Every structure is written in structure tokens, then in C-alpha cells.
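Remarks on the overall topology
Listed below, chain by chain, are the residues.
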Amino acid sequence: MSLPHWSYVAMLAFCLAGTLPLVPAFRLRVLRQPRRLLLTIALAGTPFLVWDLWATHVGHWWFDEEQTLPWRVAGLPLEEIGFFVVIPLVSVLTLEGVRAARRGVRPGAPRRRKEAR
Amino acid sequence: MTYTALAATCVVLAVVLDRWVARTRVTSTGDWWAAYAIIVFFQLLTNGWLTGRGIVRYSGDAILGSGEIRFIGDGRLVFAPVEDLMFGFGLVLCSVVAWTWLGRREARDQSHNEARDEVGA
């Protein structure tokens, strides 16, 4: 596989690289709630994945074989399935990061004094 | 149905879900709009990568534009069909609604259990 085949994977990796550091920075508890997180991904991602399968089937859009990995699931590149896991995850991380920041949590700060007591 | 019609429907359904079905009302919060503002900026970047390079390509019959890849205009913004913004809004809002709804349900169940424990004790 040549480098261009990783083009879509690179985009997913970029999304994760930008949001996963929010977890330690704002001490988010998102990953400590795996059941809630997986249910969120299933509930939100599934209808859009079904739409995607249908849209690809009827030809609304399609994927470049040169810029995706060779594996296909029901005609979709594996990355496209990954998209519907990654996007709900990064959405939740961004929301919780914003919630923490607006509550006054500062990135990297060890712990607020109030909490430490 | 075209992608355009489906994408517009998806925005409406996501808002209906938030306000009247799950009743999470995140669209009334500054947290949601601040998060969405950040997300939509990065969506333009990442989706621009997917569409500008032609990793994903679209049929001109399904979208407002012609199907030709352009940076802006012809129904496109940063290479992506504007319909993708609606698709993205729907997916991101549904994710946040599901997360918030599940969180409230868990908190409610927990307080129910605590109340029951107190009664039981």
C-alpha cells in the first residue's frame, strides 16, 4: 500500500490527535464512562451509517480506491465506518472540553484549590 | 430524494429530537453553540481534505452544485458540498443529544436508587 491509501486514515487520526489531549488537559471523565460513550456512538452513528450505506448504494457519493485502504464492509471503506465512531467521540470530547473550560477548569492546571481540599 | 433534501430534513429532525423528543434542549445552551463553532471550523478543514483531494466524490444529480470540485461556489464551501455542513450538524447534534440524554438518565436512575436505599434503610 502506498502513502495515498492512508489519506482518509490521516484525517481520522488528525481528529483524534486534536481532541484526545482534551481528556488529560481538562481532566474529562468521558473515557471513564465506556457504556455511556458506546451507547452514544451507537445511537447517533447508526442512523447516519445507514444513510451512508444507502447513499453510496444509489450513487449520491463514492470513495476513491487510491486514497482509501483496500478493506470494504458492505461496499464502504473501513475508514468510513470509523468516521461514524470518531465523529461522535470527538463531538462529545469537544462539548465536554467546552463545558469544563466554561466552568473555569484551566488546561493543565493540577487541580483547583477548592477541589484539592 | 436528493442529498440536498435529505440533508435539510436531517437538520430539522436533529433539532426536533433535541427540543421535543429527548428534551435535552442543548440548542438552548452556550456550551453547545461554542462547541459547535469549534467543530464546524475543523469540519471545514477535515472535510476540505476529504473532498478537495477527491477521497469522497459526489454525483452532480444529488447535490446543489454540479459535482465538479471547487474551493468555493457552485454549491461548495472549502471544496465540500454545502449539504455536508447539514449532514455534519445533524450527526454532531445527535451525538451531543444522545450523550446528554444518557447522562441525565443515569443521574436520575442513581438518585432513584439512592432514594430507595434511604427508604429501605
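What counts and what doesn't
Residues numbered from 1 in each chain as written. Chains lettered and ligands numbered in written order. Predicted model: local features only at pLDDT ≥ 70, side-chain atom pairs only at ≥ 80, totals over all residues. Helix = DSSP H or I, 4+ residues; strand = E, 2+ residues; numbered from the N terminus. Rg over C-alpha atoms; globule rule 2.2 N^0.38 Å. Buried ≥ 20, exposed ≤ 12 C-beta atoms within 10 Å, placed from the backbone. Contact = placed C-beta atoms within 7 Å. Pairing = 2+ DSSP bridges. pLDDT = per-residue confidence, 0-100. Nonpolar A, V, L, I, M, F, W, Y, C, P; charged D, E, K, R; others polar. Axes fitted to C-alpha atoms, helices over the stretch in contact; angles between N-to-C directions. Parallel < 35°, antiparallel > 145°, perpendicular 65-115°, else oblique. Left-handed = near helix turned anticlockwise from the far one by under 90°.

Helix and strand counts for chain A come out as five helices and three strands. Beginning at the N terminus, the succession of helices and strands in chain A can be written as α-α-α-β-β-β-α-α. Its C-alpha radius of gyration of 18 Å places chain A more than 25% over the 13 Å reference for a compact globule of 117 residues. Taking the principal axes of the C-alpha coordinates as reference, chain A spans close to 60 × 30 × 20 Å. Taking all 117 residues of chain A together, the buried fraction comes to 32%. Look at the contacts in chain A between residues 6 or more apart in sequence, and 74% of them connect residues 24 or more apart.

The subject of this paragraph is the sheet that holds strand β3 (residues 76-77) of chain B. Here three strands make up an open sheet; going across it, the order is β2-β3-β4 (chain B) and the pairing antiparallel. The two strands at the open ends of the sheet, each matched to only one other strand, are β2 (72-73) and β4 (80-81) of chain B.

Next up on the list: the confidence of the model for chain B. Looking at chain B as a whole, the pLDDT averages 95, with 98% of positions reaching at least 70. Here the predicted complex scores 0.93 on pTM and 0.92 on ipTM.

Contact with chain B, which involves 29 residues of that partner, is made by 30 residues of chain A. Of all the secondary-structure elements, those providing two or more residues to the side of chain B that touches chain A are α2 (30-52), β1 (56-58) and α3 (83-120) of chain B. Of the residues in the side of chain B that touches chain A, the class split is 20 nonpolar, five polar and four charged. Sheet topology places strand β1 (residues 61-63) of chain A next to β1(B); three bridges connect them, and they run antiparallel. For A:Trp61, the partnering residue across the bridge sits in β1(B) and is B:Tyr58.

The description of two helices packed together rests on the angle between their axes and the distance between the axes. Between helix α4 (residues 78-102) of chain A and α2(B), the shortest axis-to-axis distance is 9 Å and the interhelical angle comes to 125 degrees. Taken together, α4(A) and α2(B) sit at an angle that is classed as oblique. Viewed along their axes, α4(A) and α2(B) form a crossing whose handedness is right-handed. Listed contacts from α2(B) to A:Ser91, A:Thr94, A:Leu95, A:Val98, A:Arg99 and A:Arg102 of α4(A) are B:Asp31, B:Trp32, B:Ala34, B:Ala35, B:Ile38 and B:Ile39. Classifying every residue of the contact of α4(A) with α2(B) gives seven nonpolar, two polar and three charged.

Next up on the list: unusual backbone geometry. Despite not being glycine, A:Arg27 has its phi angle at roughly 50 degrees, a positive value. Among the structural elements, A:Arg27 can be located in the loop between α2 (22-26) and α3 (34-58). Since 15 C-beta atoms lie within 10 Å of it, A:Arg27 is described here as partly exposed. For B:Arg23, which is not glycine, the phi torsion reads 55 degrees and is therefore positive. One can find B:Arg23 in the loop between α1 (3-21) and α2. A residue is classified by how many C-beta atoms lie within 10 Å of it, and B:Arg23, with 11 of them, is exposed.

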